[in-house]
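# Structural overview
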Amino acid sequence: MTVNAKTTATGGNTWRDLPAAQQPEYPDAEALRDVIADLESYPPLVFAGECDQLRARMGAVARGEAFLLQGGDCAESFDAVGADDIRAKLKTLLQMGAVLTYAASVPVVKVGRIAGQYSKPRSKPTETRDGVTLPTYRGDSVNGFAFTEEARIPDPQRLKRMYNASAATLNLVRAFTTGGYADLRQVHAWNQDFVKSSPSGQRYEQLAREIDNALNFMEACGTDPAEFRTVEFFASHEALLLDYESALTRVDSRTGHLYDVSGHMVWIGERTRQLDGAHIEFASKIRNPIGIKLGPTTTVDEALTYIDRLDPEREPGRLTFIVRMGADKVRDKLPELVEKVTASGATVAWVTDPMHGNTFEAASGHKTRRFDDVLDEVKGFFEVHKALGTHPGGIHVELTGDDVTECVGGGDEIFVDDLHQRYETACDPRLNRSQSLDLAFLVAEMYRNQ
Ligand code: PEP
Ligand code: CO
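Residues numbered from 1 in each chain as written. Chains lettered and ligands numbered in written order. Predicted model: local features only at pLDDT ≥ 70, side-chain atom pairs only at ≥ 80, totals over all residues. Heavy atoms only, no water.

Per an unreviewed UniProt entry, the chain goes by Phospho-2-dehydro-3-deoxyheptonate aldolase and derives from Streptomyces clavuligerus. Quoted verbatim from the Pathway (unreviewed entry) field of the UniProt record, the comment on the chain reads "Metabolic intermediate biosynthesis; chorismate biosynthesis; chorismate from D-erythrose 4-phosphate and phosphoenolpyruvate: step 1/7." (UniProt positions renumbered as here; feature names shortened; annotations may be inferred.)

## A word on the coordination of the cobalt ion (ligand 2)
On the protein side, the cobalt ion (ligand 2) has Cys 74 (SG), His 356 (NE2), Glu 398 (OE) and Asp 428 (OD) as donor atoms, found 2.1 to 2.4 Å from it. All donors of the cobalt ion (ligand 2) belong to a single chain; written as a sequence motif, their spacing is C-x281-H-x41-E-x29-D. With His 356 in the loop between strand 11 (349–352) and strand 12 (359–361) and Asp 428 in the loop between strand 14 (394–398) and helix 12 (433–448), the pair connects residues that are 72 residues apart, well separated along the chain. Among the residues examined, His 356 registers a relative accessible area of 18% and is labelled buried. (Donors = N, O, S within 2.8 Å, 3.2 Å for Na, K, Ca; no water. Helix = DSSP H or I, 4+ residues; strand = E, 2+ residues; numbered from the N terminus. Buried < 20%, exposed > 50% of the residue type's maximum accessible area, 1.4 Å probe, protein only.)

## Quick notes on empty space enclosed by the protein
By rolling a water-sized probe across the atoms, one finds the places where empty space is left. Across all of its chains, the model carries two cavities of 30 Å³ or more by this definition. In this structure, the largest cavity encloses a volume near 60 Å³. Lining the largest cavity are Asp 183, Arg 185, Leu 215, Met 218, Glu 219, Thr 223, Asp 224, Pro 225, Phe 228 and Arg 229. Estimates place the volume of the second largest cavity at around 40 Å³. (1 Å grid on protein atoms, 1.4 Å probe; cavity = no way out; pocket = protein on both sides within 12 Å on 5 of 7 lines; lining within 4 Å. Points joined across faces, edges and corners; volume = space filled by probe spheres on them.)

## Quick look at the layout of surface pockets
The computed volume of the largest pocket comes to approximately 1,000 Å³. Looking at the largest pocket, it is lined by 38 residues, and the ones nearest its centre are Arg 122, Ser 123, Lys 367, Cys 427 and Asp 428. Grouping the amino acids of the lining of the largest pocket by side-chain chemistry returns nine nonpolar, 12 polar and 17 charged. Of the pockets and cavities examined, the second largest pocket occupies roughly 690 Å³. Around the second largest pocket, the lining is made up of 27 residues, and of these Thr 101, Pro 107, Val 108, Lys 110 and Glu 227 lie nearest the centre. Elements that contribute at least two residues to the lining of the second largest pocket include exactly helix 2 (48–63), helix 3 (83–104), strand 2 (108–113) and helix 6 (199–220). The element contributing the most residues to the lining of the second largest pocket is helix 3, with five residues. The residue inventory of the lining of the second largest pocket, partitioned by class, reads 19 nonpolar, three polar and five charged. (Nonpolar A, V, L, I, M, F, W, Y, C, P; charged D, E, K, R; others polar.)

In structure tokens form, the structure reads like this:
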């Protein structure tokens, strides 16, 4: 892999001629140029071969042979780059993965919204509190969360902090997933702090016992596969800040193709998926597996054009449609898209994001989501695929390993009046650990009945 190859000559910067939505307005253009030059000299965070591996895994998802579990924070923050936080998120995803694999009997492709998810598109450019109006917070990669004029000025040095935070996070994730922590023999250990306090923890414990029995049985039969000792885990984030993403886009010397080596999979968000915009152009030049968020206004023509632009070879695994319609719209809007895309001969992976179409503001002013709406959107997604005979390929969720109170409902019954107790997200409300496990059990059940 050519580590320092510039992207300019080879197409990684063609997006610069096009309108790029949601980019920060840096007050100092020269400072930005210096940062980009430094980032271009930094080593890759992931390898091209790993991106190819994930593309192959997503191919299995697209063909109906595997299920995607993609989850993590709405917005990571620099303050939370610590072992405890990272382990808690990973633990939750590993537990959900175990539930889905065992209870739905399907291979689960595990992808974190992690190690790079620092940039946020916003619906409003400014925020007003008590008569004071300031630029909105756009993620730790852009400006500060504090509501002060100084904090909210976009600072390009934050792009370097994003790189460093991503590198540290990914390093620990790799250590956890290959260094023994993710060994299936640890299936109980992931739950230790949780089992007594929560009904979903207890339900999980039952499943963990069954997995243990199965492992003991296999061992007694003389087999102990290496696959049980480590977990294949990938990192993904929204490719929002194109200066950063293209500074980390490199030519792979094996193939001559461009890869965005800031993460294994990147996606284009609902607010930046304009067909004539910079983000789609950028994504069309890289070989990573690509996701596109599709909201309720997506037309069939748009979906087919994304396929032409991003997946001209019709390669299963290259393109994932992450559908985020809202519980009240998914049954209406999704069928035509799935039907026409399938009829076009393309094999994309269909994934549900049951979070972003179901956000509302509680009377207390907290942005929240109802667990029941999340569940209902997943149900709608499964119903549509069942009716069409297509594959419900996975879930994309915002979650944390901590006992936060950001979404209402779930087995632990969080009420609107509880939201203030532990509302910690830097952006959208996340499922807590118990809600995440509840969801995994319910999704496994839907998958089994599909
Ligand atoms: C997100 O995933 O945090 C997000 C902003 O989603 P969307 O682009 O679907 O609104
Ligand atoms: Co979000």
